Amino acid sequence: MSNNIETLHSDTLLRATFNAMSEGMALHRLVYDEHGTAIDYLILDVNPSFEQQTGISKDAVIGKLASKAYGTGSAPFLDIYSRVAISQQPVKFEQYFPPLQKYFLINAFSPGKDQFVTIFEDITGIKHAEERWKFALEGAGDGVWDWNIQTGEAVFSKRYKEMLGYAEDEIRDAASEWSDRVHPDDVSHVMEVIQAHLDGKIPTAQIEFRMLCKDGSWKWILGRGMVVNHDPDGRPLRLVGTNTDITNRKKAEEEIHHLAFYDALTNLPNRRLLKDRLVQAMATSKRSGSYGALMFLDLDNFKSLNDMHGHAAGDLLLIEAANRLKNCIREMDTAARFGGDEFVVMLNELNVDKAKALAHANNVAEKIFSVLSTPYTLSIKHERKADAIIKHHCTVSIGVVLFINHEESQDDIMKRADATMYQAKNAGGHRIVFCCDAKEG
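Structural notes, computed from the coordinates. (Residues numbered from 1 in each chain as written. Predicted model: local features only at pLDDT ≥ 70, side-chain atom pairs only at ≥ 80, totals over all residues. Heavy atoms only, no water.)

**Quick look at the overall build of the protein chain**
Along its length, the protein chain carries 15 helices and 17 strands. A burial count over the protein chain gives 44% of its 441 residues as buried. Here the analysis covers contacts within the protein chain between residues at least 6 apart in sequence; of these, 56% occur between residues at least 24 apart. In the form shown here, the protein chain has an accessible surface area of approximately 23400 Å², with 53% of it arising from carbon and sulfur atoms. (Helix = DSSP H or I, 4+ residues; strand = E, 2+ residues; numbered from the N terminus. Buried < 20%, exposed > 50% of the residue type's maximum accessible area, 1.4 Å probe, protein only. Contact = heavy atoms within 4.5 Å. Areas by Shrake-Rupley, 256 points an atom, 1.4 Å probe, with all protein chains shown as cover.)

**With respect to the side chain of N348**
In this fold, N348 is placed in the loop between β13 (342–347) and α14 (354–372). The exposure class assigned to N348 is buried, which follows from its relative accessible area of 13%. Aside from chain neighbours lying at most four places away, what touches N348 is A281, Y291, R330, M332 and D333.

**Concerning the sheet that holds strand β12 (residues 334–339)**
Pairing is mixed in the open sheet, where 5 strands are placed in the order β12-β13-β11-β16-β17. In this open sheet, the two edge strands, each paired with only one partner strand, are β12 and β17 (432–435). Strand-to-strand twist in this sheet, taken as the mean axis angle between neighbours without regard to direction, amounts to 20 degrees. In this structure, β12 lies alongside β13, joined through 5 bridges in antiparallel fashion. For A336, the partnering residue across the bridge sits in β13 and is V344. Across the sheet, helix α11 (residues 271–288) touches β11 (292–299), β12, β13 and β16 (396–403), and the angle it forms with β12 is around 140 degrees. (Pairing = 2+ DSSP bridges. Axes fitted to C-alpha atoms, helices over the stretch in contact; angles between N-to-C directions.)

**Some points on the sheet that holds strand β8 (residues 205–212)**
In a beta sheet, neighbouring strands are held together by backbone hydrogen bonds and run either parallel or antiparallel to one another. Pairing is antiparallel in the open sheet, where 5 strands are placed in the order β7-β6-β10-β9-β8. Edge positions in the open sheet fall to β7 (154–156) and β8, since each of these has one partner strand only. This sheet shows a mean twist of 25 degrees between the axes of neighbouring strands, independent of strand direction. As defined by bridge partners, strand β6 (residues 143–148) adjoins strand β10 (residues 236–245) across 6 bridges and the pair is classed as antiparallel. Counted as the bridge partner of N148 is R238 from β10. Lying over the sheet, helix α10 (residues 247–261) contacts β8, β9 (218–230) and β10, oriented at roughly 125 degrees with respect to β9.

**Details of the packing of α11 against helix α15 (residues 410–426)**
Between two packed helices, both the angle of their axes relative to each other and the distance between the axes serve to describe the pair. The contact between α11 and α15 brings their axes to 10 Å, and the two run at 110 degrees. Classified by the angle their axes make, α11 and α15 are roughly perpendicular. Counted together, L274, K275, L278, V279 and M282 of α11 and Q410, I413 and M414 of α15 form the full contact between these two elements. Tallied by class, the residues present in the contact of α11 with α15 amount to 6 nonpolar, 1 polar and 1 charged. (Parallel < 35°, antiparallel > 145°, perpendicular 65-115°, else oblique. Nonpolar A, V, L, I, M, F, W, Y, C, P; charged D, E, K, R; others polar.)

**Things to note about the nonpolar core**
If you look at the biggest cluster of nonpolar residues, it comprises 38 residues, and the most contacted ones within it are M295, L297 and I368. The dominant element in this core, judged by the number of residues it contributes, is α14, at 7 residues. Apart from the residues within four sequence positions on either side, I368 is in contact with M295, L297, L325, C328, V345 and I398. In this structure, V193, L198, A205 and L239 belong to the second largest nonpolar core, which totals 23 residues. (Core = buried A, V, L, I, M, F, W, Y, C linked by side-chain atoms within 4.5 Å.)

**Observations regarding the packing of aromatic side chains**
Following the criterion strictly, the structure yields 5 aromatic pairs and no others. When the centroid spacing of 5.7 Å and the interplanar angle of 90 degrees are considered together, the rings of F104 and F120 count as edge-to-face. With F104 in strand β4 (residues 102–112) and F120 in strand β5 (residues 115–122), this pair connects stretches of sequence that are 16 residues apart. Arranged with centres 6.2 Å apart and planes meeting at 90 degrees, the rings of W178 and F209 form a pair that is edge-to-face. (Phe/Tyr/Trp six-rings, centres within 6.5 Å; stacked < 30°, edge-to-face > 60°.)

**Comments concerning helix α9 (residues 187–198)**
With 12 residues, α9 should cover 16 Å at 1.5 Å per step; its first-to-last C-alpha distance of 16 Å lies within 8% of that length. For α9, every residue scored as buried is listed here: V190, V193, I194, A196, H197 and L198. For α9, the elements touching its buried residues are β6, α8 (176–179), β8, β9 and β10. G200 sits one or two positions beyond α9 and adopts a positive phi of about 80 degrees. (Expected span 1.5 Å × (residues − 1).)

**Remarks on the pattern of salt bridges**
Across all of its chains, the model carries 19 salt bridges by this definition. Between K161 and E168 there is a salt bridge, and its shortest N-O distance comes to 3.6 Å. On the accessibility criterion, K161 (4% relative accessible area) is buried. By relative accessible area, E168 is classed as partly exposed at 43%. Among the salt bridges present, the one from E170 reaches K214, with a minimum N-O distance of 2.8 Å. (Salt bridge = Lys/Arg side-chain N within 4 Å of Asp/Glu carboxyl O.)

**Focus on the environment of Y166**
In this structure, Y166 sits in the loop between α7 (158–163) and α8. Sequence separation between Y166 and K214 is 48 residues, and the spatial gap between their C-alpha atoms is 6.4 Å. Residues within four places of Y166 in sequence aside, it is in contact with K161, I171, R181, C213 and K214. At 3.4 Å, the side chain of Y166 forms a polar contact with the side chain of R181. (Polar contact = N/O pair within 3.5 Å; in protein donor to acceptor, adjacent residues only side chain to side chain.)

As structure tokens, this is what we get:
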């Protein structure tokens, strides 16, 4: 008798709670076919708030199959509810009800075998505001995306897909459609920023990265995202944001950087970049104990070419000399144009043994000496005239210094190399002069 009273009291309390809830609630039971496959779900009960939020009366739904009562069919919910009933784990998702023209945030959980309770929260106003926001962003030229973190589903706007060269139906509603197109070199940083936002360490996720387009090209994207929904425990549920095409801006930045650090004529590093790399090479030398070498080069009879054939011919020779220089050194070394007909070559990490480092530098200097002293054949183009072919023999004077450690300043090393090169020039040119009194610290 006592157990019956307790059960009655418990049922009465649950019923009172169910009816008093401000959120719309419905109790369902899965319906199976003869093969044991869930095909629909029966509405067992709804509370008064359900009637208020949905506009559907209690009598119109209780005892009815949900696919007919809700007017949505069973497909949108069946897989989710089957998983809820089996796993006993709650699931939260959004669903649009066409007959009601309303959006609901649905929280589903299972109180027992084959049963589940759904809590309906009307989010129609929020969704309409989001749609207006997305429409405004689309008008501004941004692509919009909406990622369901829990399910891995994602929705991408038409503009988002167009930005990458895709038609509306060529990108699925899955987050992998985004992540699989991120440049491999950018993935780690992108994921770090997103995770920092999901963990609440930064207010928004804002990242510049490259994405693969349909035609195989890469486009620079500025991605901005923000978590807009959390579960009761504070875990993020949805991340919404935009993609902005910043490819032209990045190209402009690269051009500005190139102009700042590279010679416009020869495309070799200029003085500024050479000094930066020399500082790095000196720091490396200090760590490794290896010698480096700096060579100053001056073309001996370059002026006569300019005087006889003009600056167009001189520019062609400088371009050719630069190309020859690049082929004489390793990728880790640097060939730079210092100005006029002067070039500089920097060799990194030659050897910890001074004699071996000197021998390496000498081999490179001899190679450069031979290559730059080989006669040049220059083709000068003229409008409405045949190209003029000019042959010019240009020798070179080279001054070489070794350096090690970090005791000397970069300016001191460059002054020694420049002075050594002028020793070669003053001795008649067309020769290599070494200055090996590097300070070893």
